[in-house]
Amino acid sequence: MARQLGMHIQRGQLDAVETMFVKDGTDIAEGVAVKQTKADEVSAVAAANDKVYGIAGGKRSGVGVAVVRSGKIWAAADDACVATLSAPAYITAAGKITHEAGTNNSLVGYFTSDEVATNGIQNVPSYSNTVRCVQIFVDL
């Protein structure tokens, strides 16, 4: 069974999911990190020093995206990511989860499983259910 990326999978704390507009109507793939660009608007993380606002979840194409800021979710993983239960999780410049701390990596939470799956679902820019993913607890 494929994993729905950016889907809040923990009961409670649903106030930690916000609906935000997307910058310039540019869709954001589920499970990647986003940065805030203005009051109610986000775009995908694109550089190492971008401040992470949350992880993108479900969306309305060209209009908005749900952003998870707290709770357990599946998120897109970097190709080199090695998940370790309870270890810190960081974001790469491409907005994906990694285990590697670096001077420009933002800490976003911790791994809640040591599983690295290859069946995460993303729907932007095109549908794919073969995205490498990990389960984390986001704490932003």
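A brief report on the enclosed structure follows. Given the structure is predicted, the values throughout are model-derived calculations rather than measurements.

Moving on to the pattern of salt bridges. Inspection of the entire model under this criterion finds 4 salt bridges. Between R3 and E115 there is a salt bridge, with the nearest N and O atoms lying 2.7 Å from each other. Within this pair, whereas R3 is found in strand β1 (residues 3-4), its partner E115 is found in strand β10 (residues 106-122), the two being separated by 112 residues in sequence. Taking the relative accessible area as the measure of exposure, R3 reaches 19% and is therefore buried. Two residues, R69 and E18, come together in a salt bridge whose shortest N-O distance is 3.7 Å. Here E18 lies in strand β2 (residues 17-22) and R69 lies in the loop between β6 (64-68) and β7 (70-76), a separation of 51 residues in the sequence.

What follows concerns the packing of aromatic side chains. This model, assessed by the stated rule, comprises 1 aromatic pair. Between Y110 and F137, the ring centres sit 5.5 Å apart and the planes meet at 15°, which makes this aromatic pair stacked. Of this pair, Y110 sits in strand β10 while F137 sits in strand β11 (residues 128-139); the two residues are 27 residues apart in sequence, bridging distant segments of the chain. R3 extends its terminal NZ or CZ atom over the ring of W74, reaching a point 4.7 Å from the ring centre. Lying across the ring of Y53, R69 places its NZ or CZ 4.0 Å from the centre.

A word on the sheet that holds strand β5 (residues 54-60). What the 5 strands build is a closed barrel, ordered β2-β4-β3-β5-β6; its pairing is mixed. The average angle at which neighbouring strand axes cross in this sheet is 55°, direction not considered. Bridge count for β2 against strand β4 (residues 41-44) is 2 bridges, and the pairing is parallel. Across the sheet, V22 pairs through a bridge with V42, a residue of β4.

Looking at where H8 falls in the secondary structure, it is placed in the loop between β1 and β2. Residue classification places H8 among the buried positions, given a relative accessible area of 14%. At 3.1 Å, the side chain of H8 forms a polar contact with the backbone oxygen of S70.

Turning our eyes to something else, we now look at the pairing of strand β3 (residues 33-38). In this structure, β3 lies alongside β5, joined through 2 bridges in antiparallel fashion. Within β5, the residue paired with V34 across the bridge is G54. With 4 bridges joining them, β3 and β4 adopt antiparallel strand pairing. Bridged to V34 within β4 is A44.

Conventions and cut-offs
- Residues numbered from 1 in each chain as written.
- Predicted model: local features only at pLDDT ≥ 70, side-chain atom pairs only at ≥ 80, totals over all residues.
- Heavy atoms only, no water.
- Salt bridge = Lys/Arg side-chain N within 4 Å of Asp/Glu carboxyl O.
- Helix = DSSP H or I, 4+ residues; strand = E, 2+ residues; numbered from the N terminus.
- Buried < 20%, exposed > 50% of the residue type's maximum accessible area, 1.4 Å probe, protein only.
- Phe/Tyr/Trp six-rings, centres within 6.5 Å; stacked < 30°, edge-to-face > 60°.
- Lys NZ or Arg CZ within 6 Å of the ring centre and 35° of its normal.
- Pairing = 2+ DSSP bridges.
- Axes fitted to C-alpha atoms, helices over the stretch in contact; angles between N-to-C directions.
- Polar contact = N/O pair within 3.5 Å; in protein donor to acceptor, adjacent residues only side chain to side chain.

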